[in-house]
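# Structural overview for review
The lines below spell out each chain.
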Amino acid sequence: MSDTTRRAYLHEALQTAGHPVTTETAVQLLDGSPYAAGRNTIRKSLRGLARSGLLTVTTTDGRTTYHLISITQGDR
């Protein structure tokens, strides 16, 4: 396995997917990868990405959805 962390791998998978995800969707994205994990572990990774400023979080009808924050060259 490379030096990539689960969180970095998940962020890359979210970028590739290109759409907002729920915890369940994120678990499915990582299924079969070296970083596959249960809901609680993935939820912690998603929250970590949000704390790092890479995702925003919305909650509608009790469902939490994670959205990528895109950084463009002008924002750097």
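Higher on the page you've got the structure.
Described in the following lines is the structure provided in the data block. Fair warning: this is a prediction, and the values are worked out from it, not measured in the lab. (Residues numbered from 1 in each chain as written. Predicted model: local features only at pLDDT ≥ 70, side-chain atom pairs only at ≥ 80, totals over all residues. Heavy atoms only, no water.)

### A word on the nonpolar core
Within the largest apolar cluster, 11 residues are counted, these being Leu10, Ala13, Leu14, Val21, Ala26, Leu30, Ile42, Leu46, Leu49, Leu55 and Tyr66. For this core, the elements supplying multiple residues, two or more each, are α1 (6-17), α2 (23-30) and α3 (39-51). With residues up to four places along the chain from it excluded, the contact list for Ala13 reads Leu29 and Leu30. (Core = buried A, V, L, I, M, F, W, Y, C linked by side-chain atoms within 4.5 Å. Buried < 20%, exposed > 50% of the residue type's maximum accessible area, 1.4 Å probe, protein only. Helix = DSSP H or I, 4+ residues; strand = E, 2+ residues; numbered from the N terminus. Contact = heavy atoms within 4.5 Å.)

### Overview of α3
When the terminal C-alpha atoms of α3 are compared, their 18 Å separation across 13 residues agrees well with the 18 Å that a helix rising 1.5 Å per residue should span. Here the buried face of α3 lies against α1, α2, β1 (55-60) and β2 (63-68). Immediately beyond the C-terminal end of α3, within one or two residues, lies Gly53, with a positive phi of roughly 85 degrees. (Expected span 1.5 Å × (residues − 1).)

### Overview of the packing of aromatic side chains
In this description, a pair of aromatic rings is defined by centroid distance and the angle of the planes. If you walk through the whole model with that rule in mind, you get one aromatic pair. Here Tyr9 and Tyr35 contribute two aromatic rings whose centre-to-centre distance is 4.9 Å and whose plane-to-plane angle is 40 degrees, an arrangement assigned as tilted. Here Tyr9 is found in helix α1, whereas its partner Tyr35 is found in the loop between α2 and α3, with 26 residues between them in sequence. Judged by relative accessible area, Tyr9 falls into the partly exposed class, the value being 29%. (Phe/Tyr/Trp six-rings, centres within 6.5 Å; stacked < 30°, edge-to-face > 60°.)

### Observations regarding the packing of α1 against α3
In contact at an axis separation of 10 Å, α1 and α3 are set at 80 degrees when each is read in the N-to-C sense. The angle between the axes of α1 and α3 places the two elements in the roughly perpendicular class. Only Thr41, Ile42, Lys44, Ser45, Leu46, Gly48, Leu49 and Arg51 of α3 make contact with α1, whose side of the interface consists of Arg6, Arg7, Leu10, His11 and Leu14. Split by residue class, the contact of α1 with α3 holds five nonpolar, four polar and four charged. (Axes fitted to C-alpha atoms, helices over the stretch in contact; angles between N-to-C directions. Parallel < 35°, antiparallel > 145°, perpendicular 65-115°, else oblique. Nonpolar A, V, L, I, M, F, W, Y, C, P; charged D, E, K, R; others polar.)

### Side note on α1
Taking 1.5 Å per residue, 12 residues should reach 16 Å; α1 reaches 16 Å between its end C-alpha atoms and fits that length. Leu10, His11, Ala13 and Leu14 are the residues of α1 that are buried. Down the axis of α1, the sector holding all buried residues measures 160 degrees, keeping them to one side. Pointing more than 90 degrees away from the buried face of α1 are the exposed residues Glu12 and Thr16. (Arc of directions from axis to C-beta.)

### Structural notes on the side chain of Thr22
As for its placement among the helices and strands, Thr22 is situated in the loop between α1 and α2. For Thr22, a relative accessible area of 13% gives the class buried. In terms of polar contacts, Thr22 uses its side chain to reach the side chain of Thr25, at 3.0 Å. In this structure, Thr22 is in contact with Arg63, Thr64 and Thr65, ignoring residues within four places of it in sequence. (Polar contact = N/O pair within 3.5 Å; in protein donor to acceptor, adjacent residues only side chain to side chain.)

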